[in-house]
Amino acid sequence: MMFAVLAFSIVLGCRSIENICADAAFVGHSHLLPKSSGLLVDKLNDADIFTASSKQSSFSMRPRNANTLPRAMALYMARPKKGGKGSSALKNGKVQVKMTKFVEGTGRVGDIVLVAPAFWENKLKKTSSAVLISDEEVETDNALKSQSEAEALATAKDVGEKVSNTVLEIKKKAGPNGHIFGGVGKKTVVDMLKMQLPMGCLDSKAVKIKSIKEEESGKELKHDVKEIGTYDVRICLHKDVGVDFKMKVAPDS
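Residues numbered from 1 in each chain as written. Predicted model: local features only at pLDDT ≥ 70, side-chain atom pairs only at ≥ 80, totals over all residues. Heavy atoms only, no water.

A. Structural context of the sheet that holds strand E9 (residues 208–214). Spatial strand order, E7-E12-E11-E9: four strands in an open sheet with mixed pairing. If you trace the sheet from one side to the other, it starts and ends with strand E7 (167–172) and E9, each paired once. Strand-to-strand twist in this sheet, taken as the mean axis angle between neighbours without regard to direction, amounts to 30 degrees. Alignment of E9 against strand E11 (residues 229–238), held across six bridges, turns out to be antiparallel. Bridging from a neighbouring strand, Ile212 pairs with Val233 of E11. Its contacts with the sheet put helix H4 (residues 135–164) on E11 and strand E12 (241–251), and the angle it makes with E11 is roughly 165 degrees. Running over the sheet, helix H5 (residues 186–194) touches E7, E9, E11 and E12 and is turned about 105 degrees from E9. (Pairing = 2+ DSSP bridges. Helix = DSSP H or I, 4+ residues; strand = E, 2+ residues; numbered from the N terminus. Axes fitted to C-alpha atoms, helices over the stretch in contact; angles between N-to-C directions. Contact = heavy atoms within 4.5 Å.)

B. The arrangement of H4 in detail. Taking 1.5 Å of rise per residue, the 30 residues of H4 would be expected to cover 44 Å, and the 43 Å separating its terminal C-alpha atoms lies within 8% of that figure. Residues of H4 that are buried: Val138, Asp141, Ala156, Val159, Gly160 and Val163. Tucked inside the fold, the buried residues of H4 contact strand E4 (95–99), strand E5 (112–115), H5, E11 and E12. (Expected span 1.5 Å × (residues − 1). Buried < 20%, exposed > 50% of the residue type's maximum accessible area, 1.4 Å probe, protein only.)

C. Region of the structure containing unusual backbone geometry. Located in the positive-phi region is Asn92, a residue other than glycine, with phi close to 55 degrees. The topology assignment puts Asn92 in the loop between helix H2 (71–78) and E4. Within the chain, Ser128 stands out as a residue other than glycine whose phi angle is a positive 55 degrees. Of the residues examined, Ser128 reaches a relative accessible area of 47% and is grouped as partly exposed.

D. How the structure looks around the environment of Ala250. Among the secondary structure elements, Ala250 is positioned in strand E12. For the pair Ala250 and Lys172, spaced 78 residues apart in sequence, the C-alpha to C-alpha distance is 6.3 Å. When neighbours within four sequence positions are excluded, Ala250 is seen to be in contact with Glu169, Ile170, Lys171, Lys172 and Ile228.

E. A positive patch on the surface, seen in detail. A grouping of Lys186, Lys208, Lys210 and Lys222 is seen on the molecular surface, where their side chains present a positively charged patch. Checked against the element boundaries, Lys222 lands in the loop between E9 and strand E10 (225–227). (Patch = residues over 30% accessible without salt bridge, like charges linked within 9 Å, V, L, I, M, F, W, Y side chains within 5 Å. Areas by Shrake-Rupley, 256 points an atom, 1.4 Å probe, with all protein chains shown as cover. Salt bridge = Lys/Arg side-chain N within 4 Å of Asp/Glu carboxyl O. Lys, Arg positive; Asp, Glu negative; His and termini not counted. Charge placed at Lys NZ, Arg CZ, Asp CG, Glu CD.)

F. Main features of the pairing of E5. Here E5 shows a clear split, with Val113 and Val115 buried on one side and none of Ile112 and Leu114 buried on the other. Judged from the four bridges that link them, E4 and E5 form a sheet pairing that is antiparallel. Bridge assignment links Val97 to a residue of E5, and that residue is Val113.

G. Here's a closer look at the environment of Gly107. With respect to the helices, strands and loops of the structure, Gly107 is situated in the loop between E4 and E5. Note: C-alpha distance between Gly107 and Ala130 (23 residues apart in sequence) is 9.8 Å. Ignoring sequence-local partners within four residues, the contact set of Gly107 consists of Met99, Lys101 and Phe102.

H. How the structure looks around the nonpolar core. Of all hydrophobic cores here, the largest spans 26 residues; its most connected members are Ile212, Ile235, Leu237, Phe245 and Met247. Among the secondary structure elements, those contributing two or more residues to this core are H4, E7, strand E8 (179–184), H5, E9, E11 and E12. With five residues, E12 is the single largest residue contributor to this core. Beyond its immediate stretch of four places on either side in the chain, Leu237 contacts Ala156, Val159, Gly160, Leu202, Ser204, Ala206, Val207 and Val243. Among the nonpolar cores identified, the runner-up in size contains nine residues, and Val115, Trp120, Leu124 and Ala130 belong to it. (Core = buried A, V, L, I, M, F, W, Y, C linked by side-chain atoms within 4.5 Å.)

I. Expanded view of H5. All of the buried residues along H5 are Val189, Val190 and Leu193. Down the axis of H5, the sector holding all buried residues measures 95 degrees, keeping them to one side. Looking at the buried positions of H5, the neighbouring elements they touch are H4, E7, E8, E9, E11 and E12. (Arc of directions from axis to C-beta.)

J. Focus on the side chain of His238. Considering the arrangement of structural elements, one finds His238 in strand E11. Overall, the relative accessible area of 13% leaves His238 in the buried class. Of the polar contacts made by the side chain of His238, one reaches the backbone nitrogen of Asp240; its length is 3.0 Å. Apart from residues no more than four positions distant in its own chain, His238 is found in contact with Glu149, Ala152, Leu153, Ala156 and Ala206. (Polar contact = N/O pair within 3.5 Å; in protein donor to acceptor, adjacent residues only side chain to side chain.)

Okay, structure coming up:
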């Protein structure tokens, strides 16, 4: 009788060890195994196989699936990882977002800002005014922005060389005293210049006429060109690129 009770206790004890092994194998933490169990851990493909050996017996098994895990263990497995695409860890109690719309007092399109979680949930998220962004995504965004700016600068310098070698001639109807009818504005100058350069060269929003000066006097005009003559025009192609070119306004006979 005593022998039967002892054998039953040993069987129960082995089953308890199997449970611990399976749970530990599924979670991937071998440190959960009892030090006294004499279990060895081997990695084979994507599964953990535990082998228990002793002088009397040996056995092997695979981890149980998530449906058979204890509740506490299943909850542990369900916790989402911090960071990653489209997520933002709290920073001093705030979340990091990238603005997709202008919001007064918060930021402009493209700005990376920190906002309170409640403001994100109740305002920015509901109005699609921003998206969560991680530190890794910020680094990637900045790298792409730097590359784009470098390309824009190189393009502006290339266009600048073409513009500086251009003499723009505009013909307008004029009276006997050289006074032209209608005048020549800055927009007209840009439109006429586009016709003499390869298509797309002056499509950037940064392109604008900075100044128009009379060639002889060097006086800068505060209004449209209204007289026949030659002018020095300063055009801005990029925040760091500006070039000069000649413009001749001649009578249209």
